[in-house]
Amino acid sequence: GAGVSQSPSNKVTEKGKDVELRCDPISGHTALYWYRQSLGQGLEFLIYFQGNSAPDKSGLPSDRFSAERTGGSVSTLTIQRTQQEDSAVYLCASSLGRRSSYEQYFGPGTRLTVT
Amino acid sequence: QKEVEQDPGPLSVPEGAIVSLNCTYSNSAFQYFMWYRQYSRKGPELLMYTYSSGNKEDGRFTAQVDKSSKYISLFIRDSQPSDSATYLCAIRYAGNNRKLIWGLGTSLAVNP
């Protein structure tokens, strides 16, 4: 079946603009995760969804970052008033459920560049 | 001290070599131990996971966990150029906190 897909694959935006990043998880996966990956920084956890609710938002770096998930499927990560330090690869992953969080399936990522 | 420490490398080996990749962790409450592989410009993919001390083999790959030393390893036998990637260790707590804690990743190049 289809894997996790993300769009756009690349996004270049000017400082101060808002951006929306989209994630389509594997069908039937109830758990969804957003990460940020910067050079030399490893995978930084942002937020976790179980169904449409987000029991763990502890990784969101500031109130400029928000995310939602609808229909237990597609998720959108929104960054408002982008800053240069937001430049990174944003990765989405899904797993069958919370108990299966050790087995996460990742999308290819969205490479965000803020100029 | 970070919860998971992993040497970022880079590591460069000739084709056919045995590769050893390692992580250390600080909290004995960790229960699940994973190795993910990430090719350039791709998302990570799960290679292996284990939840007990000892060895687990899958083809050319062996995952080893030593809970007494809080040390995990991934061995790659007969390494191939296609093994060139970044290898990330990830660890998960027991109990209700199912969040993964990630190492920084080790960059591996296998040279033909």
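Since this is a predicted model, take the numbers as computed values, not measurements.

Colleague: It is not clear to me how the overall build of chain A should be interpreted in this structure. Could you clarify?
Modeller: A tally of helices and strands in chain A yields zero helices and 11 strands. Along chain A, helices (α) and strands (β) appear in the sequence β-β-β-β-β-β-β-β-β-β-β when read from the amino end. With the C-alpha coordinates of chain A rotated into their principal frame, the extents come out at 40 × 30 × 25 Å. A burial count over chain A gives 49% of its 115 residues as buried. At a minimum sequence separation of 6, the contacts of chain A that also span at least 24 residues come to 55%. For chain A, the accessible surface area stands at approximately 5500 Å², while carbon and sulfur atoms represent 45% of it.

Colleague: For this particular structure, what's the right way to read the interface of chain B and chain A?
Modeller: At the interface, 19 residues of chain B touch 21 residues of chain A. Summed over both sides, the interface of chain B with chain A buries roughly 1600 Å², with 53% coming from carbon and sulfur. At the junction of chain B and chain A, the tally comes to one salt bridge. For B:Lys99, the salt bridge goes to A:Asp56, with nearest N and O atoms at 3.3 Å. Elements that contribute at least two residues to the side of chain B that touches chain A include exactly β4 (30-38), β5 (45-50), β9 (85-93) and β10 (100-102) of chain B. Of all the elements, β4(B) adds the most residues to the side of chain B that touches chain A, at four residues. Its residues assigned to classes, the side of chain B that touches chain A shows 10 nonpolar, four polar and five charged.

Colleague: What is the right way to read the packing of aromatic side chains from this model?
Modeller: Two measures describe an aromatic ring pair: the distance that separates the ring centres and the angle between the ring planes. Under the definition given, this model contains 14 aromatic pairs over all chains. Aromatic side chains B:Tyr25 and B:Phe33 sit 5.3 Å apart centroid to centroid with 45 degrees between the ring planes, which places their arrangement in the tilted category. Grouping residues by exposure puts B:Tyr25 and B:Phe33 together as buried. Connected via pairs of aromatic rings, a cluster forms that spans A:Tyr35, A:Phe45, A:Phe106, B:Tyr36 and B:Trp102. One Lys or Arg, B:Lys56, reaches over the ring of B:Tyr49 and ends 4.4 Å from the middle of that ring.

Colleague: Before we go on, may I ask you to explain the pairing of β5(B) in this structure?
Modeller: Two faces, one strand: in a regular strand the side chains alternate between the faces of the sheet. Where β4(B) lies against β5(B), five bridges are found, and the strand directions are antiparallel. Paired with B:Met34 across the bridge in β5(B) is B:Tyr49.

Colleague: Looking at this model, I keep getting lost on the state of the cysteines. Mind explaining?
Modeller: What we call a disulfide is simply a covalent bond connecting the sulfur atoms of a pair of cysteines. The full count for this structure, using the stated rule, is two disulfides over all chains. Two residues, A:Cys23 and A:Cys92, share a disulfide whose sulfurs are 1.8 Å apart. Because the sign of the S-S torsion sets the handedness, a value of about -60 degrees for the bond joining A:Cys23 and A:Cys92 places this disulfide among the left-handed ones. One end of the pair, A:Cys23, is in strand β3 (residues 19-24); the other, A:Cys92, is in strand β9 (residues 88-95), with 69 residues separating them in the sequence. A:Cys92 matches A:Cys23 in its accessibility class, with the two residues each being buried. Two residues, B:Cys23 and B:Cys89, share a disulfide whose sulfurs are 2.0 Å apart. One disulfide, between B:Cys23 and B:Cys89, carries an S-S torsion of -100 degrees and so falls in the left-handed class. Taken together, the residues span a long stretch of sequence, with B:Cys23 in strand β3 (residues 19-25) and B:Cys89 in strand β9 at a distance of 66 residues. Note on accessibility: B:Cys23 and B:Cys89 belong to one class, buried.

Colleague: Help me understand the environment of B:Thr50 in this model?
Modeller: Residues and elements named next belong to chain B. Among the secondary structure elements, Thr50 is positioned in strand β5. With relative accessibility at 9%, the residue Thr50 sits in the buried group. Remark: the alpha-carbon pair of Thr50 and Gln31, spanning 19 residues in sequence, is separated by 8.5 Å. Other than its neighbours up to four places away in sequence, Thr50 contacts Gln31, Tyr32, Phe33, Lys56 and Val65. Polar side-chain contacts of Thr50 include one of 3.5 Å to the backbone nitrogen of Ser52.

Criteria and cut-off values
- Sequence order as written defines residue numbering, which begins from 1 separately in each chain.
- Note on labels: chains are lettered from A, ligands numbered from 1, in written order.
- The model is predicted, so local features are restricted to residues of pLDDT at least 70 and side-chain atom pairs to those at 80 or more, both for listing and for counting; the totals for chains, interfaces and linings are taken over all residues.
- Hydrogens are left out, water is left out, and the side-chain values use all remaining heavy atoms of the structure.
- Strands here are runs of E lasting at least two residues and helices are runs of H or I lasting at least four, both read from the DSSP assignment and numbered beginning at the N terminus.
- Any residue under 20% of the maximum accessible area for its type is buried, any over 50% is exposed, and the rest in between are partly exposed; the area is computed with a 1.4 Å probe on protein chains only.
- Residue contacts are defined here by distance: any two heavy atoms, one from each residue, within 4.5 Å place the two residues in contact.
- Surface accessibility in these figures is a Shrake-Rupley result with a 1.4 Å probe; residues are shielded only by whichever protein chains are displayed.
- The term buried area refers to how much accessible surface (probe radius 1.4 Å) is lost by two components on association, counted for both of them together.
- Salt bridge, as applied in this entry: a Lys or Arg side-chain nitrogen positioned within 4 Å of an Asp or Glu carboxyl oxygen.
- For this classification, the nonpolar set comprises Ala, Val, Leu, Ile, Met, Phe, Trp, Tyr, Cys and Pro, the charged set comprises Asp, Glu, Lys and Arg, and every other residue, Gly included, is treated as polar.
- Stacked, edge-to-face and tilted are the three classes for Phe, Tyr and Trp ring pairs, Trp counted by its six-membered ring, which pair at centre distances within 6.5 Å; planes under 30 degrees apart are stacked, over 60 edge-to-face, the rest tilted.
- For a lysine, the NZ atom is tested; for an arginine, the CZ atom; a charge sits over a ring if that atom is within 6 Å of the ring centre and within 35 degrees of the ring normal.
- One bridge is not enough; two strands pair if DSSP finds at least two bridges between them.
- Our working definition of a disulfide is a cysteine sulfur pair at a distance within 2.5 Å.
- Polar contacts here mean pairs of N or O atoms no more than 3.5 Å apart (in protein, one a potential hydrogen donor and the other a potential acceptor; neighbouring residues in sequence count only if both atoms are side-chain atoms).

In short, the description is geometric, and any link to function would need to be established separately.
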